[in-house]
Amino acid sequence: MYKFPPLAALLAVAAPALADGSFFVAPARADAPTILTLQNHKFSPNVIRIKANQPAMITMVNKDATAEEFDSSDLKVEKVVAGNQSGNIRIRALKPGTYKFMGEYHAATAQGIVIAQ
Ligand SMILES: [Cu+2]
């Protein structure tokens, strides 16, 4: 069973990573976070496959200079990631299915789906 570390522990590890601009690398776990890159207001990959019925983590790497909000009413998640920063998005355990997400600030181009299976 996946258990999230306490917020303080996450911040302690993430803070130095943000300072030098490198990615936040989570400690070894059963499933590594999925890296989701945003560039030119488009997500890559735009299809993310995760295991159903267990929590997952997506690390969004924003390579654009402007902030973007990962937004999904299907996933019940909203997360703003500043320009040239990374942010972790926690995905609750999902039933098998397809869940849309978008970058709310550039919804015309920033689109993707999570497939839980
Ligand atoms: Cu929003």
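Residues numbered from 1 in each chain as written. Predicted model: local features only at pLDDT ≥ 70, side-chain atom pairs only at ≥ 80, totals over all residues. Heavy atoms only, no water.

### Let's talk about the coordination of the copper ion
Item 1. For the copper ion, every protein donor is listed as E69 (OE), D71 (OD), E78 (OE) and E104 (OE), and the spread of their distances is 1.8 to 2.1 Å.
Item 2. Around the copper ion sit four donor atoms; with metal-centred angles ranging over 70 to 167°, the donor geometry is irregular.
Item 3. On the primary sequence, the residues serving as donors to the copper ion are separated as E-x1-D-x6-E-x25-E. Placement of D71 in strand 5 (residues 68–72) and of E104 in the loop between strand 8 (97–103) and strand 9 (111–116) is noted, with a sequence separation of 33 residues between them. (Donors = N, O, S within 2.8 Å, 3.2 Å for Na, K, Ca; no water. Tetrahedral: all angles 85-135°; square planar, octahedral: opposite > 155°, others 65-115°. Helix = DSSP H or I, 4+ residues; strand = E, 2+ residues; numbered from the N terminus.)

### Comments concerning the packing of aromatic side chains
Item 1. Applying the stated criterion to the full structure yields three aromatic pairs.
Item 2. A ring pair is formed by F43 and F101, whose centres lie 5.1 Å apart and whose planes are at 70°; its orientation type is edge-to-face. Of this pair, F43 sits in strand 2 (residues 42–44) while F101 is found in strand 8, placing the two residues 58 residues apart along the sequence. With respect to burial, F43 and F101 carry one shared label: buried. (Phe/Tyr/Trp six-rings, centres within 6.5 Å; stacked < 30°, edge-to-face > 60°. Buried < 20%, exposed > 50% of the residue type's maximum accessible area, 1.4 Å probe, protein only.)

### Section: the sheet that holds strand 5
Item 1. Reading across from one edge, 3-9-8-5-6 is the order of the five strands in this open sheet, with mixed pairing throughout. The outermost strands of the open sheet, each flanked by one partner alone, are strand 3 (47–50) and strand 6 (77–81). Across the sheet, the axes of successive neighbouring strands diverge by a mean angle of 20°, strand direction being ignored.
Item 2. Direction of pairing for strand 8 relative to strand 9: antiparallel, over a ladder of six bridges. Pairing of Y99 across the sheet is with V114, part of strand 9. (Pairing = 2+ DSSP bridges. Axes fitted to C-alpha atoms, helices over the stretch in contact; angles between N-to-C directions.)

### Structural notes on the pairing of strand 8
Successive side chains on a regular strand alternate, one facing one side of the sheet and the next facing the other.
Item 1. In this structure, strand 5 lies alongside strand 8, joined through two bridges in antiparallel fashion. Counted as the bridge partner of F70 is G103 from strand 8.

### Observations regarding the environment of G103
Item 1. By the secondary structure assignment, G103 is in strand 8.
Item 2. It is 7.7 Å that separates the C-alpha atoms of G103 and H41, two residues lying 62 residues apart in sequence.

### Brief notes about the sheet that holds strand 4 (residues 56–62)
Item 1. With mixed pairing, the four strands of this open sheet are ordered in space as 2-1-4-7. The outermost strands of the open sheet, each flanked by one partner alone, are strand 2 and strand 7 (86–91). Each strand of the sheet is rotated relative to its neighbour by a mean of 25°, with strand direction disregarded.
Item 2. Where strand 4 and strand 7 come together, six bridges link them in antiparallel fashion. Bridging across to strand 7, T59 finds its partner in N88.

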